[in-house]
Amino acid sequence: MIRKLYANFAYITDPRLVEALRVQYGHSSLAMTYQYTHNPKQLESADEVERALTLRRMMELINGEAVTGRAVSALAMDDDFQQLKADTQNSGQQIWIETAKWIQKHDLRFYESSHGGCLNVAPSEMRCKARNDKPEFLDDHQPNLSKRSAGTCVGCKNFIMMGSHRAFWTERYRAGKQFIESALAQGADAASLRIIKDRTRQAEALLRGIGEPLPPEDSTLNAGPPSRGGGQSPKLDITDGGVRD
Ligand code: SF4
């Protein structure tokens, strides 16, 4: 009760706090936060915003944007989605309508973050919900965004990485490389760096997966020439391998 009162007070004081409230309360969507703060008028529009983002992302996928992540495999096996991709010659309004129908049919949502997207194609295998203290109000299709992290998401069947997430993984790759080189220069035991090496390789695999070339001077961990135009490097593993944030 006090939590709801506080949320309502904060929202009325400054509606721009709604995103901060969503994070604080672990809500998976703005719609849920608006409901929590008793603003049903906003509820519909928040839901529309989420649907619009999902539609935009799916259109980017259909139009051939390079992507990687385990959700891509689920999409590859979805006949309807493959048919949509094949129909891209039906440009204009028709492809948008068909894609919107497909999203509705599968009750899909794209939950954005700096490290990647969460597309709920495998709701029974959401890693963020496998952790303890899952909020009771989440329904079966919603991730527990309060437990989401890059390390948790990467190995999840609902994870998808696109060009818009490049900056996060480039920075993780660079930071990992710098740390390893500095630690080795100071005499650190290579075995003690296993976790940071795995994380750095993971970042490399994702960047390669979307065809992002790595700087030539950053070659210590490279497993071969970058693959261009999407597709995951077969030599590298993007699953977490036990590495989580
Ligand atoms: S772990 Fe990440 S990708 Fe998986 S369901 Fe949760 S938020 Fe989505």
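Along each chain, the written sequence defines residue order, and numbers are assigned to residues from 1. For this predicted model, a pLDDT threshold of at least 70 governs which residues receive local features, and a threshold of 80 or more governs which side-chain atom pairs are given and counted, while totals over whole chains, interfaces and linings are taken from all residues.

Peer 1: Kindly report on the overall build of the protein chain, identifying the contributing residues and their values.
Peer 2: Helix numbers and strand numbers start at the N terminus; a helix is a DSSP run of H or I with at least 4 residues, a strand a run of E with at least 2. Along its length, the protein chain carries 11 helices and 3 strands. Along the protein chain, helices and strands appear, N-terminal first, in the series α-α-α-α-α-α-α-β-β-α-α-β-α-α. Within the protein chain, the fraction of its 245 residues that count as buried is 29%. Considering only intrachain contacts with a sequence separation of at least 6, the fraction spanning at least 24 residues in the protein chain is 63%. Counting other C-beta atoms within 10 Å of each residue's C-beta, where C-beta atoms are placed from the backbone, gives the exposure class: buried for 20 or more, exposed for 12 or fewer, partly exposed between. C-beta atoms are placed from the backbone for every residue, and two residues are taken to be in contact when these atoms lie within 7 Å.

Peer 1: Please give an account of the sheet that holds strand E2 (residues 117-119) that cites residues and values.
Peer 2: For two strands to be treated as a pair, DSSP must find at least two bridges joining them. Spatially, E1-E2-E3 is the arrangement adopted by the 3 strands of the open sheet, whose pairing is antiparallel. The open sheet is flanked by strand E1 (110-112) and strand E3 (159-160), the only strands paired with a single partner. Relative to E2, E1 runs antiparallel, the two sharing 3 bridges. Bridge pairing in E2 places Phe110 opposite Leu119.

Peer 1: Hey, could you go over the packing of helix H10 (residues 166-185) against helix H11 (residues 194-209) for me, with residue numbers and the actual values?
Peer 2: Whenever a helix is involved, its axis is fitted only over the stretch in contact; in every case the axis is a line through C-alpha atoms, and angles between N-to-C directions fall within 0 to 180 degrees. Between H10 and H11, the least distance of the axes is 8 Å, while the angle of their chain directions is 145 degrees. The element H10 and its partner H11 pack so that their crossing is left-handed. Taken together, the residues of H11 that come into contact with H10 (itself represented by Trp169, Thr170, Arg172, Tyr173, Gly176, Lys177, Phe179 and Ile180) are Ile196, Lys197, Arg199, Thr200, Ala203, Glu204, Leu206 and Leu207. Crossing handedness is defined as follows: a turn of the near helix away from the far one that is anticlockwise and smaller than a right angle gives a left-handed crossing, while the clockwise case is right-handed.

Peer 1: Tell me about helix H2 (residues 18-25), residues and numbers included.
Peer 2: Taken together, the buried positions of H2 are occupied by Val18, Leu21 and Arg22. In a view along the axis of H2, the buried residues occupy a sector of 105 degrees, so they form one face of it. In this structure, H2 carries Glu19, Ala20 and Val23 as exposed residues pointing more than 90 degrees from its buried face. By arc we mean the arc of the directions from the helix axis to the C-beta atoms, nothing more.

Peer 1: Before we move on, could you go through the site of the ligand and cite the residues and values that matter?
Peer 2: Note on definitions: a residue is near a molecule or strand provided its C-beta atom, placed from the backbone, lies within 6 Å of it. Residues in close proximity to the ligand include Cys118, Met126, Arg127, Cys128, Pro143, Leu145, Arg148, Thr152, Cys153, Cys156, Asn158 and Phe159, which together make up its full environment. Counting only elements with at least two residues in the shell around the ligand, the list comes to helix H8 (127-130) and helix H9 (150-154).

Peer 1: Can you tell me about the confidence of the model for the protein chain, naming the residues and giving the values?
Peer 2: Every residue gets a pLDDT, meaning the predictor's confidence in that residue, from 0 to 100. Put simply, the protein chain has an average pLDDT of 78, and 71% of its residues get 70 or more. The spread of mean pLDDT over the elements of the protein chain runs between helix H1 (residues 2-13), the lowest at 66, and E3, the highest at 96. Every residue in residues 222-243 is under pLDDT 50, and counting partners more than four places away or in other chains gives 49 contacts.

Peer 1: Help me get a handle on the environment of His115, residues and values and all.
Peer 2: The residue His115 is located in the loop between E1 and E2 in this model. On a C-alpha basis, the gap between His115 and Ser164 in space is 8.8 Å, while along the polypeptide they are 49 residues apart. Setting aside anything within four residues of it in sequence, one finds His115 in contact with Ala150, Cys153, His165 and Phe168.

Peer 1: Describe unusual backbone geometry, with residues and values.
Peer 2: Of note, Asp107 is a non-glycine position whose phi angle comes to about 50 degrees, a positive value. Structurally, the position occupied by Asp107 is in the loop between helix H7 (93-106) and E1.

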